[in-house]
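# Survey of secondary and tertiary structure
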Amino acid sequence: MPANLTLNAVAFISPQNHPIFIRTFSKQNEHAIKYHYVAHTSLDVIEERVNASGKQAGECYLGLLYSMEDVVVYGYVTPLKVKIVLAFALSDAIVRDIEVTMIFKALHMAYYSATSNPFLKLEASNGANNEKSPYPSVASPKWKAFRNRVDEISRVVGSAANSQTSYS
Amino acid sequence: MPSVLPSSLSPHICILPSPDLDQLLQSSSLPPLPNILQSFSPLPDVTTRTTSLVSIPHTSFALRFSDLAEIEHACNEDEDERAVRMLDWISARISKRCAKWVRDIERLGGDLDNPRTPWWDELRRCAEGDHVPAKTEGWNHPVAVIFAVSTTAPNPLQAINALHSRALQFPPWVDTTFLRYTLIVHPQNSPLSDEEAGALFNAVKKQYGLHSYLLSLNLPTTPPPPVPVPALIPRLPLPPSPDSSVAKPLNPDPNEPTSPTFPTVLNTLRMEENDIKHTARFTREFVVMSLVPWMEKCVLDWNETFSSNRRLPSRLFSSTRRLFGSPSPTPPIHSASASISSLPGRASPSMPSNGVANPPSQQRRLAEFSTILGDFKLAVMVWESLRKENKGGSDILPLLLSPSPTLPLHASTALSNIKSQSTDPPPHAQLRALLYAKASGGLYGRLVMFAEEAPSALLLAHAALLSTKKQAIRRAAFWYIDAANRLEKCGIKPLTMYFLRKAKELYKMESRKSLSPSFWESEGKSPNNLDDFGGIISGIEHPLGRLLYTTGDVAGAVRVFLGLLRGSSNLHHPSNASSDNVSKWTESDKAYLDDFRVAYAHLSTTEPDKIAAADLKIPIRFCVEGQTRIKFLTGSVNDDASTWDELEETWRTFWKSRGGKEGLVDRKKACTGELIWVDLMLRNPLDAELNLTEISLVVHEKSGAELTSTNVFVEVETIDEVILGPRESRTVPVSLKSQRATSLVITSATYKFLSYLRSTEHLASRGRRLHNTAAQRQKPAYAPDIPLRVDIAPASHKLLVSFVEDSHLHLIQGETKVLTLSLSNAGLAPVEEIWMVGADDGIWLHSDDDESESTPAAEVIRSQNSLKPQEPLRLPITRIEPGESLNLPVILHAEQADTHELNLMFVFRESNTGPFHCTRLTWTYEVQPLFYVVATAEPSRAQGRSYVVNVDVTSRSMSSTVKLSQITTLSPLWRCGPLTGSDFGTVPPHQCVRLLLEANPWHDGVGSQETLDFLSEQLGSVLRGADVKSSDPPSIDLLCSHTSKFPPNSVQKTAMRHFIHSNRRKFTSHNISQVHPYIPSMTYPSIFPLYNPASVDILVFWEIPMQQRFGHVSLYGLTLGARHGVLHSMIEEAESAKVKRSMYTETQKENLEVLDAIKGSEWNMEMDPVALSIQQPNIISHDFSKGPCRLSIAFNLRNHSLTHGVRCTLRMSPEPTSSSPNSSSPLPAPYFGRLTFRDSIPPCQTVTIRPKVWISQPGTYSLNGWILETEVSWPVSNQARQQRYRQEPPSREGSYLIIHDSRT
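Residue numbers restart at each chain and count upward from 1, following the sequence in its written direction. Key to labels: chains lettered from A, ligands numbered from 1, both in the order written. Given that the model is predicted, a residue must reach a pLDDT of at least 70 before its local features are reported, and side-chain atom pairs must reach 80 or more before they are shown or counted; all residues, however, enter totals for whole chains, interfaces and linings. The side-chain numbers reported here are obtained from all heavy atoms of the structure, hydrogens and water having been left aside.

Chain B is annotated in an unreviewed UniProt entry as TPPC8 first Ig-like domain-containing protein of Laccaria amethystina LaAM-08-1.

Under an unreviewed UniProt entry, the name given to chain A is Trafficking protein particle complex subunit 2-like protein, and the source organism is Laccaria amethystina LaAM-08-1.

If you want it as structure tokens, here you go:
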């Protein structure tokens, strides 16, 4: 289990670089927008990485994108180009890639199962533009399951970190 | 390798001028000597040599000159204090000048490739201008001291001596290894002649060595024209209140003339050309002949020591010392590949723990000197070794090394070293690291953590600029915001705004994406959709707006605040944010709104003329265009349109069938002078309460293609104020009234946003997506917008129809109520013809005329037998003049218990030829349930009658006692009569009454067989898949048998007949739709007849005399008589027909289902027509002494078939099979004699068969030992079709014969 990681924020960004879902777990209110910045800024780095790595797809995990002030930012690109960005609190401990990858995979699965919901397009169908993207509706207030799942992942990560500290 | 080092990495030369020299220069209106000499830096073409004596040419060689006293004084100031002062000084300089810079840049426009950043230049110059020696590094420690005197001194030699012997007032940590140089300035007006001056120079040379120079200058009394020279580097002014320990009065600040107040004044020197030449020569000679050789010698010497230290033994020794407990604190081990989490270590090379400060180490000086001299090979080596010992070096190495991945690490180490001191001045290291460590992005962020000062903000801004050049625009935008946030705290507003704008520009810049163009369409988004990361844009614009407001650009602020009111997207929705930051997001809209209110109010009071010029537009919509409706007096256009459409269609069909040509004027019209309401659907997209005032509509008249104004004849209501809660949706009706008959287009709605800003929104909704051509399918194209239109008809034809009674009348199930319909002509023309459409709903005209005499007990009515709905009914009026009104009685019959809505359409016209107009009436009433009526029938055992019909009437009424007045049955083939008398009595609440009727065939009516033939033919064509001929079923006679104590109600009355038909029609249609779901309801009238000939409908008439209510309840669905599968042959034909193969299994399946449905329908019923009843004496007494009893039992066989005769065989079994001699079970009757009887029974006839029994002892005998076989045969297309049935006695009940001995 991942240890010593404090998840501050999770962001899902669509292939067109629109934010799908940005969720912050830090306590301070005023930092909510900061993670919008973080997510937006990491798009630059992700693009650099993806371009640099060339065409050999398959590796979704992009590793550490950058660190800034008190957070470290990790990136992940799904095969369908949905970007997942994680912001951890900066700490002195060693961050193992395998742990971060595990969190990313869990988030990816959460997203995957949320988009697989056949009723997602239902809501969008009443508008004039009935061929809407499913992405925003994943995070829309109506679909709580995805949000709950992301929260749960965050909770698991957080509790693992806590238990680690309490036993050590 | 960088070719040019920053000028701050140049030799620092201090000058100690004698007072007479200062005087001399002042009198010639020249600046102090350091400033004069500084004007000649950098020197071109200087050559230095490395330790290996390789020449290094320098195209420019920078020098820094400063006043020794000043430096001495500055050194005594506390470093931290100076740092704070320096930051403030830089901030002040920038904040004073940035407004102009920003103005200039905005005026000149940005050069995108190489944008001007004067603030960055300024910051860099300020930082480079730091010339005070620092404790930790040796860059600012003087390399040389020039003792300068002039020959105007009373005794120049003595003055020189005095200068040389002056004790240096440096603190102990300042390195005193420097070159001492003597300069004698010999002006023309000197009391000494040139020769004397030469002698003086020689004497000085003799005494102080060769590092001396005699500088002859003209220095005319009238200053020559100024010559422009390079600007001086700005320097931190000295501490404002010099403390008393400063021995010497300070020179006026040399920077003062060029310092912030006069930023644009060119730096000039009022010197003659010759003097300039001489001074230049001096500077050059000083550098080339004295300074550089001296430095080279130092480097050589120190290098010797350095390399000897680096030999193996000493290194071993030092490393052992380090490993095995050294007295000095072990520095943290720092590797070049340190992870981000490595702890910062503070390099403190010259700060031993005992607190006594030492000058920078020789090794460091060596590194610095070799760097200055351009011997980078040596320099790098020394710096590396310094770095490994954790004594600095990381800050310089990035400058010297060629770009490589390690550079950012060096830079970050340098920064983290600095970080541990909270208020360090931004030293050269930071700046230089920034300048050259462009490759690393993360650095900048970490750099500025500890300082919320202007310099750090500018650093960030520069980082942003560099990122922009690298196309990392998102990162750049982020840094601009960060910079702006910091600058805002320093109060440097113009630059803050500039950075915010820059950031906004970058955020809005669409980065190039390698996506297919159809990707956007497939995702349903437009590529230039900017609402992504909307929170960020808001985060930029909100401070920008506030800054604009505070700086006085209120109009701009209003525009920005208005732009912020976008309505938060899903991302900001409270439920999306975690619970603790809900408040944050919900408040943002409110904050924007409040700011807008304040700014707008301010603008409107101070500069109202600017509001018009600002062209403010609200970025959000309040009207939901697709959901805006028009409502008329008679209900909405869009409400339950299907009902009215159906009625209209009914009318059109009817009128066409009557050969009428006149059309119906479109009913979607209001009349002139009549109110119309437009239901505006307003939705507040913001998370804050707001108000809209003066809501009104813009209405245009559509004449031809263009729209014209309608102010003259259309009155539009204006709604004063509507307050919308956060995200609330509300319908606001706005009425309008037109005085002219025309076609109006309601183009838009207007309102005042927050009662400030007049805004207009279009109400036309977008047309549907077109898919007609390939181009339309590829690129979304939409039909023209659908405008909101309303036609106003002239009021000439206007009929108002209403019921005099209240709406929401409460009726009882089956009640018949007389109502009054009021027709009033509100138009200008008379009305002569009115038709009522929609009478199927149980309404009919009331007429008193046939409130007839006496009704016979049975009536025959001829029914059309058609399922066609009721045709429109012409109202019996002659003429209604304009303004007149007329009351018309109508009867309402409420058959079903429920809430009903009566929808009637009245079609009317002026004369026999004009077009029709229509008006509508909607009326609701409620019907309470009264009865459950259930009827069952069973074959009668009595001779005289065929069936006994059992009618159970259960009251559902809670309180009323209902009197049953009459039972009427309607049937084409059956006559019913009372069995128990004609007084039915009353039904108390929740009680049940059972009524018995007898039923006998009635053969006088016509139409029954024709009806069956018709049905068979039509269903046959359905099964064959042929077109169903649209023909009406043959009419049929119905016998209505009344049973009543009083003179019965007649069913001959038109209203009554109408209600009976209408209800029967509903029942039959419903039945058909249940049984034959595949047959479209349109074709029912041409396939199915209304009455099944076998059916018996029962009407129960009731009265509640107390309440003067009366009515009747109908019961349908009872059929009597045996039938013989009339559709059988047709079905067989269909089944045996050649099967058409269909491609689809589903079609075949459906065909089968149609067939099954017809086979199983009530029309195709088939049953044993013969009913057997035993007529026996119940108890017989017999004297068994006279022998066994011989009895003949009468078996009555009744043929219930109305059409077919039967042949039947009754077999008596002498010994019943079930001979379980149980004492309780009756004995089987022993039949004897003839046991098999054959007979044929004509339709509706009875035959009695009398088998005999031989009973030898008393007892109870069961007569069940019989079997009846029936055979029905009838000809079907030249063949005889036969059907056989077998009947056995019912197992449960049976007939018994009880015989007892008469003797007992």
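## Regarding the overall build of chain A
Put simply, the rule reads: Starting at the N terminus, helices and strands are each numbered in turn, a helix being any DSSP run of H or I of at least four residues and a strand any DSSP run of E of at least two. Contacts are assigned to residue pairs that have any heavy atoms within 4.5 Å of one another.
For chain A, the helix and strand inventory stands at five helices and five strands. In chain A, the succession of α and β elements from N to C terminus is β-β-α-β-β-β-α-α-α-α. Here the contacts in chain A between residues at least 6 apart in sequence split such that 54% fall between residues at least 24 apart.

## Structural notes on the overall build of chain B
Stated precisely, the cut-off is as follows: Partly exposed describes any residue whose relative accessible area lies between the buried limit of under 20% and the exposed limit of over 50%, with all areas from a 1.4 Å probe on protein chains only and scaled to the type maximum. In this description, accessible areas are obtained by the Shrake-Rupley approach with a 1.4 Å probe, and a residue is regarded as covered only by the protein chains that are shown.
Each helix and strand counted, chain B has 30 helices and 54 strands in total. Here chain B holds 1304 residues, and 50% of them are scored as buried. For chain B, restricting intrachain contacts to residue pairs at least 6 apart in sequence, the fraction spanning at least 24 positions comes to 77%. Only carbon and sulfur atoms are counted for the fraction: they give 52% of the accessible area of chain B, which is about 60900 Å².

## Here we look at unusual backbone geometry
Residue and element names in this part refer to chain B. Phi at Asp45 is positive, roughly 50 degrees, even though this residue is not glycine. Residue position: Asp45 is located in strand S2 (residues 43-49). Its relative accessible area of 55% is what places Asp45 among the exposed residues. Positive phi values are uncommon outside glycine, yet Ser755 reaches one of about 60 degrees. Secondary-structure assignment places Ser755 in the loop between strand S19 (743-753) and strand S20 (757-762).

## Points about the packing of aromatic side chains
Residues and elements named next belong to chain A. Stated formally: Side-chain rings of Phe, Tyr and Trp (the six-membered ring for Trp) are treated as a pair once their centres are within 6.5 Å; stacked means planes under 30 degrees apart, edge-to-face means over 60, and tilted covers the remaining angles.
Tallied over the entire structure, the rule returns 34 aromatic pairs over all chains. With 5.8 Å between their ring centres and 65 degrees between their planes, Tyr111 and Phe146 make a pair best called edge-to-face. Residue Tyr111 is found in helix H2 (residues 97-115), and its partner Phe146 is found in helix H5 (residues 144-167); the two are separated by 35 residues along the sequence. With respect to burial, Tyr111 and Phe146 carry one shared label: buried.

## Focus: the pattern of salt bridges
Residue and element names in this part refer to chain B. Defined as follows: Salt bridges are defined as contacts in which a side-chain nitrogen from Lys or Arg sits within 4 Å of a carboxyl oxygen from Asp or Glu.
The full count for this structure, using the stated rule, is 30 salt bridges over all chains. A salt bridge links Lys1159 to Glu1135; the shortest N-O distance between them is 2.8 Å. Note that Lys1159 is positioned in helix H30 (residues 1145-1159) and Glu1135 in helix H29 (residues 1128-1136), a separation of 24 residues in sequence. Under the relative-accessibility criterion, Lys1159 is labelled partly exposed at 37%. Measuring nitrogen to oxygen at the nearest pair gives 3.8 Å for the salt bridge that ties Lys1149 to Glu1146. In this pair, Lys1149 and Glu1146 are both assigned in helix H30, three residues apart and thus about one turn of the helix distant. Here Glu1146 falls in the partly exposed class, since its relative accessible area comes to 46%.

## Describing helix H10 (residues 362-373) of chain B
All names here are of chain B. The test is simple: Expected span of a helix, by definition, is 1.5 Å for each gap between consecutive residues, and there is one gap fewer than residues.
Helix length check: H10, at twelve residues, gives a terminal C-alpha distance of 16 Å against a target of 16 Å (1.5 Å per residue), a fit within 8%. With eleven of twelve residues buried, H10 is to be regarded as a mostly interior element. Buried within H10 are the following residues: Gln363, Arg364, Arg365, Leu366, Ala367, Glu368, Phe369, Ser370, Thr371, Ile372 and Leu373. Once H10 finishes, Gly374 follows within two positions and takes phi at roughly 85 degrees, a positive value.

## Considering the pairing of strand S7 (residues 212-217) of chain B
All names here are of chain B. Selection criterion: For two strands to be treated as a pair, DSSP must find at least two bridges joining them. When the strands point away from the viewer, a crossover counts as right-handed if the path from the first strand over the helix to the second runs clockwise.
Two strands pair when backbone bridges link them, and strand S6 (residues 179-187) and S7 are joined in this way by six bridges, in the parallel orientation. Counted as the bridge partner of Pro187 is Leu217 from S7. Between the parallel elements S6 and S7, the chain passes through helix H7 (residues 194-208) in a crossover that is right-handed.

## What about the sheet that holds strand S50 (residues 1252-1255) of chain B?
Residue and element names in this part refer to chain B. Taken in spatial order, the three strands line up as S43-S50-S47 in an open sheet, and their pairing is antiparallel. Whereas interior strands pair on both sides, the edge strands pair on one side only; in this sheet they are strand S43 (1189-1192) and strand S47 (1231-1232). The sheet contact formed by S47 and S50 spans two bridges and is antiparallel. Along S50, the bridge assignment pairs Phe1232 with Lys1252.

## A closer look at a nonpolar patch on the surface
Note the threshold: Patch membership needs two things, relative accessible area over 30% and no salt bridge, and members are linked within 9 Å if like-charged or within 5 Å if nonpolar (Val, Leu, Ile, Met, Phe, Trp, Tyr).
Together, Ile1179, Tyr1296 and Ile1298 of chain B make up a nonpolar patch on the protein surface, roughly 260 Å² of accessible area in all. Looking at the element boundaries, Ile1298 of chain B is found in strand S54 (residues 1296-1301).

## Here we look at the sheet that holds strand S37 (residues 992-1001) of chain B
All names here are of chain B. Let me state the cut-off plainly: Angles shown run from 0 to 180 degrees and are taken between the N-to-C directions of axes, each axis being a line fitted to C-alpha atoms and, for helices, limited to the stretch in contact.
Sheet architecture is open: four strands sit in the order S32-S33-S37-S35, paired in antiparallel fashion. Every interior strand has two partners, whereas the edge strands, strand S32 (931-939) and strand S35 (974-978), have only one. Going from strand to strand, the sheet's axes swing by 30 degrees on average, the running direction of each strand aside. In the sheet, S32 pairs with strand S33 (residues 947-955) via nine bridges, with the strands oriented antiparallel.

## Some details on the confidence of the model for chain B
Residues and elements named next belong to chain B. Put simply, the test is: Values of pLDDT, which run from 0 to 100, indicate the predictor's confidence residue by residue.
Counting all residues, the mean pLDDT for chain B is 76, and 79% of those residues have values of 70 or more. Ignoring residues within four places in sequence, the model shows residues 435-452, a span with pLDDT below 50, making 45 contacts including any to other chains. Within the model, the stretch residues 569-585 combines pLDDT values under 50 with 38 contacts to residues more than four positions away or in other chains. Predicted complex, confidence summary: ipTM 0.72, pTM 0.56.

## With respect to the confidence of the model for chain A
Residues and elements named next belong to chain A. Put simply, chain A has an average pLDDT of 75, and 71% of its residues get 70 or more. Every residue in residues 124-132 scores below 50 in pLDDT, and together they form 15 contacts with partners more than four places removed in sequence or on other chains. Confidence drops under a pLDDT of 50 for residues 164-168, and excluding neighbours within four residues, the segment shows three contacts in the predicted structure.

## Details of the side chain of Glu296 of chain B
Here Glu296 of chain B lies in helix H8 (residues 273-309). Those residues in contact with Glu296 of chain B, other than ones at most four positions away along the chain, are Thr48, Arg49 and Leu373 of chain B.

## Considering the environment of Arg768 of chain B
All names here are of chain B. As for its position among the elements, Arg768 is in the loop between S20 and helix H25 (774-778). Given a relative accessible area of 55%, Arg768 falls into the exposed group. Counting along the chain gives 14 residues from Arg768 to Tyr782, while the straight-line C-alpha distance between them is 5.5 Å. Residues contacting Arg768, with those up to four places away along its chain left out, are Ala781, Tyr782 and Ala783.

## Examining the packing of H8 of chain B against helix H11 (residues 376-388) of chain B
For any two helices packed against each other, the geometry is given by the interaxial angle and the distance between the axes. Residue and element names in this part refer to chain B. What counts here: To sort the angles, those under 35 degrees are grouped as roughly parallel, those over 145 as roughly antiparallel, those from 65 to 115 as roughly perpendicular, and the leftovers as oblique. Two helices cross in a left-handed way if the nearer one is turned anticlockwise from the farther one by less than a right angle. They cross in a right-handed way if the turn is clockwise. Polarity classes work like this: nonpolar for Ala, Val, Leu, Ile, Met, Phe, Trp, Tyr, Cys and Pro, charged for Asp, Glu, Lys and Arg, and polar for all others, with Gly in that last group.
At a minimum axis distance of 12 Å, the contact between H8 and H11 shows a crossing angle of 45 degrees. Taken together, the axes of H8 and H11 lie oblique to each other. Judged by the twist between their axes, the crossing of H8 over H11 is left-handed. Contacts between H8 and H11 pair Val299, Asn303 and Phe306 from the former with Leu378, Met381, Val382 and Ser385 from the latter. Within the contact of H8 with H11, the residues separate by chemical class into five nonpolar, two polar and no charged.

## Observations concerning the nonpolar core
Proteins that are soluble and globular tend to have nonpolar side chains buried together. All names here are of chain B. Rule in force here: The term nonpolar core refers to a set of buried residues drawn from Ala, Val, Leu, Ile, Met, Phe, Trp, Tyr and Cys, joined through side-chain atoms within 4.5 Å.
In this structure, Leu495, Phe499, Leu697, Ile746 and Phe753 are the most contacted members of the largest nonpolar core, which totals 120 residues. At ten residues, the largest contribution of residues to this core is made by helix H17 (residues 473-490). Grouped together as the second largest cluster of nonpolar side chains are 53 residues, Leu24, Leu37, Met271 and Ala379 included.

## Re the environment of Ile372 of chain B
All names here are of chain B. Positionally, Ile372 belongs in helix H10. Between the C-alpha atoms of Ile372 and Val292, which are 80 residues apart in sequence, the distance is 9.7 Å. Here Ile372 is in contact with Leu9, Ser10, Pro11, His58, Phe61, Trp139 and Met295, once residues within four sequence places are set aside.

## What about the pairing of strand S1 (residues 12-17) of chain B?
Put simply, side chains in a regular strand alternate between the two faces of the sheet. Residue and element names in this part refer to chain B. The element S1 is extensively covered by neighbouring structure, given that six of its six residues are classed as buried. Of the two faces of S1, the one lined by His12, Cys14 and Leu16 and the one lined by Ile13, Ile15 and Pro17 are each fully buried. Sheet topology places S1 next to strand S4 (residues 64-67); four bridges connect them, and they run parallel. Paired with Cys14 across the bridge in S4 is Ser66. Bridge count between S1 and strand S5 (residues 144-150): five bridges; the pairing is parallel. Bridge pairing in S5 links Ile15 to Ile146.

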